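Descriptive analysis of the structure
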Amino acid sequence: MGTQRGALVVFEGLDRSGKSTQCQRLVDVLRANGEEVHHMRFPNRSSPIGQMINSYLSGQAQQDDHAIHLLFSANRWESVRELEERINAGATVIVDRYYYSGCVYSAAKHIPSMDLEWCRSPDVGLPRPDVCIFLDISAEEQAKRGGFGEERYEKRELQDRVRECYHEMRKHPDEHADMVIVDAGRGMEEVEQEIAEVVRRVRKNVEGGESRLRTV
Ligand code: FDM
Ligand code: MG
């Protein structure tokens, strides 16, 4: 018998949804329990492609919208081997943003040649998560938390369109099956508990089920 594979858990949500905080908390709790955990985030700004993405997001560089979209996808593809190796070695892999962000932030630009389907296509074949935890936050709550940073996409109007695109994307049959919506407008601890419950359930399913990762 080989090693039991780990679960692939993705976090998605708008800026200010508490995504990175909740990711880190989950990682800390699992590790404190002695679990093998690998934490990744996209964009991974440390690779050469990631540095191009970082320059674009910070406004230092311009890119054609299609080109930057493909760079975000390439930035995931360059990490696939590492991701698969960790999963197959039995680690729980927790990912902060994945191809859902890739799709919705680009589609939210409303460029006619870049609809959701086009945006999704370069990511087809990536490892499909066992669950995508979508931290949902209303426009009002997001505004209350305030403090958008300086980066390219941190603007009210675009964020509203991104929110719509996330909900549009949930209609895709695969995405619908994988996405669990968590109301992130509540207190940090309440949100954390709900996430812990979802993750417990998912890890149990993975342990009892098909050992191979599916693909997007
Ligand atoms: N983003 C992130 C994209 O536009 N496409 C992608 O594929 C990914 C992974 O990059 F505005 C956007 C989402 C966000 C910005 O993300 C940087 P972080 O989580 O704030 O670093
Ligand atoms: Mg950000």
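Coordinates for the structure precede this section.
Below is a short write-up of the structure. Model, not experiment: these values are computed from the prediction.

Next up on the list: the packing of aromatic side chains. Enumeration according to the criterion identifies six aromatic pairs in this entry. Of note, arginine 152 hangs over the ring of tyrosine 56, and the distance from its end group to the ring centre comes to 3.8 Å.

What follows is about the sheet that holds strand E5 (residues 179-183). The strand order across the open sheet formed by five strands is E2-E3-E1-E4-E5, and the pairing between neighbours is parallel. Across the chains shown, the open sheet's two edge strands, defined by having one partner strand only, are strand E2 (37-41) and E5. Across the sheet, the axes of successive neighbouring strands diverge by a mean angle of 20 degrees, strand direction being ignored. In the sheet, E2 pairs with strand E3 (residues 92-96) via five bridges, with the strands oriented parallel. Residue pairing for E3: methionine 40 is matched across the bridge by valine 95. Against the sheet, helix H10 (residues 188-208) engages strand E1 (8-13), E3, strand E4 (131-136) and E5, with an angle of about 165 degrees to E4.

Note that an α-helix has 3.6 residues per turn; residues three or four places apart therefore point the same way. Across the nine residues of helix H5 (residues 99-107), nine count as buried, placing the element largely inside the fold. By the burial criterion, the buried members of H5 are Tyr99, Tyr100, Ser101, Gly102, Cys103, Val104, Tyr105, Ser106 and Ala107.

Attention now moves to helix H1 (residues 19-32). The end-to-end C-alpha distance of H1 is 20 Å, a good match for the 20 Å that 14 residues give at a rise of 1.5 Å each. All buried positions along H1 are accounted for by Lys19, Gln22, Cys23, Leu26, Val27 and Leu30. Within H1, the buried residues cover an arc of 135 degrees as seen down the axis, which keeps them to one side. Summarising the contacts, the buried residues of H1 are in contact with E1, E2, E3, E4 and H10.

Close contacts around ligand 1 come from Arg41, Phe42, Pro43, Arg45, Leu57, Phe72, Arg76, Arg97, Ser101, Gly102, Tyr105 and Tyr153, and that covers them all. One of the side-chain N or O atoms of arginine 45 is found 2.9 Å from an oxygen atom in ligand 1. Within the side chain of arginine 97, a nitrogen or oxygen atom sits 2.7 Å from an oxygen atom of ligand 1. Compared with its free state, where it exposes 480 Å², ligand 1 has 94% of that area covered by protein. Spatially, ligand 1 is embedded in the largest pocket. Elements with a contribution of two residues or more to the shell around ligand 1: helix H3 (65-77) and H5. Partitioning the shell around ligand 1 into residue classes produces six nonpolar, two polar and four charged.

Cut-offs used in this document
Residues numbered from 1 in each chain as written. Chains lettered and ligands numbered in written order. Predicted model: local features only at pLDDT ≥ 70, side-chain atom pairs only at ≥ 80, totals over all residues. Heavy atoms only, no water. Phe/Tyr/Trp six-rings, centres within 6.5 Å; stacked < 30°, edge-to-face > 60°. Lys NZ or Arg CZ within 6 Å of the ring centre and 35° of its normal. Pairing = 2+ DSSP bridges. Helix = DSSP H or I, 4+ residues; strand = E, 2+ residues; numbered from the N terminus. Axes fitted to C-alpha atoms, helices over the stretch in contact; angles between N-to-C directions. Contact = heavy atoms within 4.5 Å. Buried < 20%, exposed > 50% of the residue type's maximum accessible area, 1.4 Å probe, protein only. Expected span 1.5 Å × (residues − 1). Arc of directions from axis to C-beta. Near = heavy atom within 4 Å. Polar contact = N/O pair within 3.5 Å; in protein donor to acceptor, adjacent residues only side chain to side chain. Areas by Shrake-Rupley, 256 points an atom, 1.4 Å probe, with all protein chains shown as cover. 1 Å grid on protein atoms, 1.4 Å probe; cavity = no way out; pocket = protein on both sides within 12 Å on 5 of 7 lines; lining within 4 Å. Sits in = over half its atoms within 2 Å of the grid points. Nonpolar A, V, L, I, M, F, W, Y, C, P; charged D, E, K, R; others polar.

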